[in-house]
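# A look at the structure
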Amino acid sequence: MRAPDVRRKNNEIPVDVYIPFVETLFRDGSTLAVGMIAQTMLMVVVWWKTAHPLYLVIALCMLLVGTLRLRNFRKYNNLPAATTWEEARKRENDYILYGSLHGLVLGAFCLAGIYFAYDPFAEIAAVCVTLASATSIAGRNYGSPRMVVILTVTMTWAISLGFLLRGDFYHVFLGLLSAPFLYAIRKFADTVRDVLFTAVSEEKKANRLAQRFNRALNTMSHGLVMLGPDGRVAVANAEAAHLMSVRAPEALLGRSIHGLLMRGVAAGQLALKDCRYIEAQLTRALREGRDRKVLVSLSNGRFLEFSAREGSQELGVITFEDVTARVAAEEKIRFMARYDSLTGLPNRAYFHEVVDECMFAGDRDRLCALAVLDLDDFKSVNDTLGHPVGDGLIYAVAERLAVFAGDNVKVSRFGGDEFMIYFDQVDSEAHLGSMLDRIFAAMQGEVDVAGHVLRIQASGGAVLARVRDSDVDTMIVKADLALYKAKDMGKNGWQLFESVMDAAFRNRQMMKADLRAAVEAGALRVVFQPIVSMSTMRIASCEALCRWDHPDLGPVSPSTFIPLAEEMGIVSDISTFVLQAACAECSKWPAPISVSVNLSAKDFRNRDVVDKVRAALAASGLAANRLEIEVTETALLDDKSQTRAYVEELKSIGIRIALDDFGTGYSSLSYLHKLPLDKVKIDRSFLADVAQNPRSLQLLKGIVDLSRPLGLTVTVEGVETFEQLKILAVAVQPDLVQGFLFGSALSSSGIETMSNTVWPFAQDLSRARKAANR
């Protein structure tokens, strides 16, 4: 830490400089000792020559002062350096005390030799030794300005006083010259002091800078070495020493790049070929002056990344760091980008990439194959047991499929419950069939997921092609077509793609496009199937049915285009069209006749269904009680509470609600009292064998008997023969009947024309009822 730059009274330099200056006063005591011995001996020689006792006294004083002064030197040289200003000040004061005594003795020697015990030799000896000592005042005592002044005064005043006491002009003149001599010595000492102060200050600044640089260098997370012009390490930090497995950075100094890398080779962490490659890359980067990075894998699983660049003043810089954690993180990110998080199998994008690489490698004339597998009825698992169970089932299937993965077989989870398998080398169609049969046999069976025993069942589609004649996307499309065929064939199996499937697919896509265009252009039409009252044999209501006349194919069956519309998501548009047309046409019929419109399950998934009905009634002016909405059991299964809310809102408008295709769902009987229904329409399947099967007859009677106490009107669909009608009239007695026995669906004008017509079955039915009652 930098010492505070404060100044003390009587001391015009910072403390951190003042203390070292004081320490310099006690350096080189040997030369001082030699000088004081020489001075003492000279004084003894002068006493010996002159026999004057004054010189002996001065010599003894010099001996005593020298002993005390050298003892003081030894004392402080044996102690640690001063750390505070007060301690340094005390040492300076001690130095001044003994230095002043030394100066006084030399001054007394000069005064005695010049005046009080005059002798020519003594005069010359005293002046010479004093002036010789005076020349060293600035050099030895620059650390203490007070000592410089005191020594200069004590040495020069005696000489000046002696010359002045001699009285003659020349000696007086010499005595006066001591003043400029004193000034010169003081000025020289100040100059030396300033120069040394500047030098010491700059040295401290350099040291502080070096400490900061050293701290910054050795706290870097990167290893760093700087290479001199000779290509050898001139600077290295602690992290570099750690990564190179040496004790201190100094151990790396003087080594070349080759020498550094060979340490890794010697330790068995780096292969020799990797060493050569890294050295070549780093050397090239330093030579070209461009940044270059090299990632190195060590045998212990660690990764180091070397970076090289040319520095200033012909110094090259190489940094390296342990990037093991970063490499692991990047690998994890790469894995997450390429593999499915649930199953660990390649995802769609990575599978596409892998298959592309496989197809472009090897013999282009070989056969390859691609299969798409899709779990049967997987949606019901998610809907009934929850998505965690569904995920568990997916994971179990993936485990069974992963067993077949290898160099020539690639397995992927393509998304949802769909898996894809690529076979890179297939001998024949029979070979592909045997492989798929083995996969299906291994995949299917029961699996326990969270306590639920589930049976794995899947459908698949496969395509076989030569590599040169196909690509991944084309094979996926064809395999999907084969999968659709497998689903149509009853699921739980696989189909191989045939060209006829492609044609069927193209025709299906064209029909979708034409259907969308017809819906947007309003090119559909609505016809009406009569619903006849059993009591009057007159038309009581009509069911609105949609028809599509294709410009090229002619009439297209609703069983064909309605599923297409559901698949395309436009069935609600068709429902809206039929609703508006039915209301508009019914408003033209005689008042007793009503119209029935069947809305799809999708129509009841949002509140728009209520707004659509309101809009159709408002546009046509039809009374709400003449409109009947048929609700399918599928719509009720989707969301019972929401559907009930919509049905009740429609009911509040005055619209009648009928449950269509009653008896074909899972829990139809529960709807009879849970929903605000007006009518039940019994599905045609109950009437098909009513003439031959007594159980069917009893079931029909049971449904009618169950419905009537609840205030529900009953309609029986699918009446095609008079015998069926007769049985219904005698044994079942529904309220309404509907079927081809009463003719095909009619146009709106046809219904208007037939509104007052009584079917000729009325008299025959009346006689049959009377006969049954006898």
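The residue numbers shown here count from 1 along each chain, following its written sequence. Whole-chain, interface and lining totals are the exception, using all residues; otherwise, since this is a predicted model, local features are given only for residues with pLDDT of at least 70 and side-chain atom pairs are given and counted only at 80 or more. Neither water nor hydrogens contribute to the side-chain values; these are computed over all heavy atoms in the structure.

### Some words on the packing of aromatic side chains
Pairing of aromatic rings covers Phe, Tyr and the six-membered ring of Trp, with a centre-to-centre limit of 6.5 Å; geometry is then stacked below 30 degrees between planes, edge-to-face above 60, and tilted otherwise. Scanning the entire structure with this criterion turns up 14 aromatic pairs. With centroids separated by 6.0 Å and ring planes inclined at 85 degrees, the aromatic side chains of Trp 548 and Phe 561 adopt a geometry described as edge-to-face. In this pair, Trp 548 is assigned in strand 16 (residues 539–550) and Phe 561 in helix 20 (residues 558–568), connecting sequence segments 13 residues apart. Since its relative accessible area comes to 3%, Trp 548 is described here as buried. Put simply, the rings of Phe 26, Phe 73, Tyr 76 and Tyr 95 touch in pairs and so form one group of aromatic residues. The ring centre of Tyr 95 lies 5.1 Å from the NZ or CZ of Arg 69, which sits over that ring. Taking NZ or CZ as reference, Arg 166 lies 4.4 Å from the ring centre of Tyr 118, over its face. Helix and strand labels come from DSSP, where a helix needs a run of H or I of at least four residues and a strand needs a run of E of at least two; each type is numbered from the N terminus. Using a 1.4 Å probe on the protein chains alone, a residue whose accessible area is under 20% of its type maximum counts as buried, one over 50% counts as exposed, and one in between counts as partly exposed. Charges are assigned to positions over rings by a cutoff of 6 Å between ring centre and Lys NZ or Arg CZ, combined with an angular limit of 35 degrees from the ring normal.

### Overview of unusual backbone geometry
The backbone of Asp 377 sits at a positive phi, close to 55 degrees, despite the residue not being glycine. Turning to its location among the elements, Asp 377 is positioned in the loop between strand 8 (367–375) and helix 15 (378–385). Exposure remark for Asp 377: the relative accessible area of 47% places this residue in the partly exposed category. Located in the positive-phi region is Lys 491, a residue other than glycine, with phi close to 65 degrees. The topology assignment puts Lys 491 in the loop between helix 18 (472–488) and strand 14 (494–496). You can call Lys 491 partly exposed: its relative accessible area is 31%.

### Some remarks on the sheet that holds strand 8
One requirement defines pairing of two strands: DSSP has to find at least two bridges between them. Spatial strand order, 9-10-8-13-14: 5 strands in an open sheet with mixed pairing. Every interior strand has two partners, whereas the edge strands, strand 9 (409–415) and strand 14, have only one. Taken pair by pair, the neighbouring strands of this sheet meet at an average axis angle of 20 degrees, ignoring direction. Pairing geometry for strand 8 and strand 13 (residues 458–466), over 9 bridges, is antiparallel. Counted as the bridge partner of Leu 375 is Ala 458 from strand 13. Orientation is described by axes fitted as lines to C-alpha atoms, over the contacting stretch for helices, and by angles from 0 to 180 degrees between their N-to-C directions.

### Observations concerning the confidence of the model for the protein
The pLDDT value tells you how sure the predictor is about a given residue, anywhere from 0 up to 100. In this model, the protein carries a mean pLDDT of 83, and residues with pLDDT of at least 70 account for 90%. Residue contacts are counted whenever heavy atoms from the two residues lie within 4.5 Å of one another. With pLDDT under 50 throughout, residues 1–11 is counted as low confidence; its partners more than four residues away or in other chains account for 17 contacts.

### Observations concerning the environment of Ala 402
Note on placement: Ala 402 falls in helix 16 (residues 387–402). In this structure, the C-alpha to C-alpha distance between Ala 402 and Gln 580, residues 178 residues apart in sequence, is 54 Å.

### Digging into the packing of helix 2 (residues 29–50) against helix 5 (residues 120–134)
Two measures define how a pair of helices packs: the angle their axes make with one another and the distance between the axes. Packing of helix 2 against helix 5 leaves a shortest axis separation of 10 Å and a crossing angle of 170 degrees. Considering the angle they form, helix 2 stands roughly antiparallel to helix 5. Residues Gln 39, Leu 42, Val 45, Val 46 and Lys 49 of helix 2 touch helix 5, and the partners they reach there are Phe 121, Ala 122, Ala 125, Val 129 and Ser 133. Note that the term roughly parallel is reserved for angles under 35 degrees, roughly antiparallel for angles over 145, roughly perpendicular for angles of 65 to 115, and oblique for everything else.

### Brief notes about the nonpolar core
Put simply, buried Ala, Val, Leu, Ile, Met, Phe, Trp, Tyr and Cys residues joined by side-chain atoms within 4.5 Å make one nonpolar core. Residues Leu 627, Ile 629, Leu 725 and Phe 742 are the most contacted members of the largest nonpolar core, which totals 78 residues. Here this core gets 8 residues from one element, more than from any other, and that element is helix 21 (residues 571–586). Leave out the neighbours within four places in its chain, and Ile 629 touches Leu 579, Val 597, Leu 599, Phe 604, Val 613, Ile 655, Arg 656, Ile 657 and Ala 658. Grouped together as the second largest cluster of nonpolar side chains are 49 residues, Val 22, Leu 106, Val 148 and Val 192 included.

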